[in-house]
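Letter by letter, the chains look like this.
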Amino acid sequence: MYKVKKQIRIKNNINTTLERHPVPVLGIDYKVKIIYKNVRVPELNVENKLIKISLPNRYKRDSNQEILDLAIDKMYEQIAKVEVERAMEKTRIMLGFAPEDYEIKNMKKEMGRCINGKITINPKIVMFHRDVIDFIVLHEYCHLKYKTHSKYFYRMIENYEPNFEKYEKILGTSLFQY
């Protein structure tokens, strides 16, 4: 999914560092640095477009790529809880209705789906800028009224987001469908 550049080096013969470039968060690319050190629980800090993840030394033996992917997925899930709730509330106020239920769940090829009145959003949605997140949520809300991509569906989308084609283009060039 992401191109990975690994750099392993020893700092003061204590910490091993693994870097991965880039990791998108809300439309901004961040570098990620994993540092193994004498801590009991993992720590995550964000500063100046750098995500620093400190892991206990006992994880050095595990696959670095698996640990890095897991840490990034957990970070996306935490950010998604806040961002999806924000976008859902904004869309609910704008449209005047809401889904019966929604969930945040990893999906392989979709950023969102609406089935039987329930909206499911992929936590990787937070890779995109907030405007794109808002559009994906709007798209799924419109499926509450129109199950297919009919002309009425697109009229509804255009009514609330006149620049919807811009977002469809962004999403069409991504690795995911929405």
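Placed above this text is the structure.
Scoring rules and cut-offs
Residues numbered from 1 in each chain as written. Predicted model: local features only at pLDDT ≥ 70, side-chain atom pairs only at ≥ 80, totals over all residues. Heavy atoms only, no water. Core = buried A, V, L, I, M, F, W, Y, C linked by side-chain atoms within 4.5 Å. Buried < 20%, exposed > 50% of the residue type's maximum accessible area, 1.4 Å probe, protein only. Helix = DSSP H or I, 4+ residues; strand = E, 2+ residues; numbered from the N terminus. Salt bridge = Lys/Arg side-chain N within 4 Å of Asp/Glu carboxyl O. Pairing = 2+ DSSP bridges. Phe/Tyr/Trp six-rings, centres within 6.5 Å; stacked < 30°, edge-to-face > 60°.

A.B. asks: Can you walk me through the nonpolar core in this structure?
C.D. replies: As a rule of thumb, soluble globular proteins bury nonpolar side chains together. Of all hydrophobic cores here, the largest spans 45 residues; its most connected members are Val 25, Val 32, Ile 34, Tyr 76, Ile 125 and Tyr 141. At the level of secondary structure, the elements contributing two or more residues to this core comprise strand E2 (15-25), strand E3 (28-37), strand E5 (50-56), helix H1 (64-95), strand E8 (118-121), helix H2 (130-145), helix H3 (151-160) and helix H4 (164-172).

A.B. asks: What is the right way to look at the pattern of salt bridges in this model?
C.D. replies: A side chain of one charge can pair with a side chain of the opposite charge when the charged atoms of the two come close. The final tally for this structure, using the stated rule, is 10 salt bridges. Between Asp 73 and Lys 124 there is a salt bridge whose closest N-O contact spans 3.5 Å. On the criterion of sequence distance, the pair formed by Asp 73 in helix H1 and Lys 124 in the loop between E8 and H2 is long-range, its members being 51 residues apart. The salt bridge involving Glu 110 is made with Arg 113; its shortest N-O contact spans 2.5 Å. Owing to a relative accessible area of 25%, Arg 113 belongs among the partly exposed residues under this scheme.

A.B. asks: Sorry if this is basic, but what is going on with the pairing of E5 here?
C.D. replies: As a general feature of sheets, a regular strand has side chains that alternate between the two faces. Counted residue by residue, E5 has six buried out of seven residues, so it is predominantly covered. In terms of strand pairing, E3 meets E5 through seven bridges, oriented parallel. Residue pairing in the sheet places Lys 31 in a bridge with Leu 50 of E5. Looking at chain direction, strand E4 (residues 43-47) and E5 are connected through five bridges and run antiparallel. Residue Asn 45 lies in a different strand from E5, and its bridge partner there is Lys 52. The turn joining E4 and E5, which pair antiparallel and follow one another in sequence, is formed by two residues; a positive phi near 50 degrees is taken by Asn 48.

A.B. asks: I keep staring at the packing of aromatic side chains and nothing clicks. Help me out?
C.D. replies: Overall, the coordinates contain five aromatic pairs when judged by the stated rule. With 5.5 Å between their ring centres and 20 degrees between their planes, Phe 135 and Tyr 167 make a pair best called stacked. Pair noted here: Phe 135 is in helix H2 and Tyr 167 is in helix H4, with a separation of 32 residues, a long-range link. This pair shows no difference in class: Phe 135 is buried, exactly as Tyr 167 is. Note on Tyr 154 and Phe 164: the rings are 5.8 Å apart at their centroids and 35 degrees apart in plane angle, and the pair reads as tilted.

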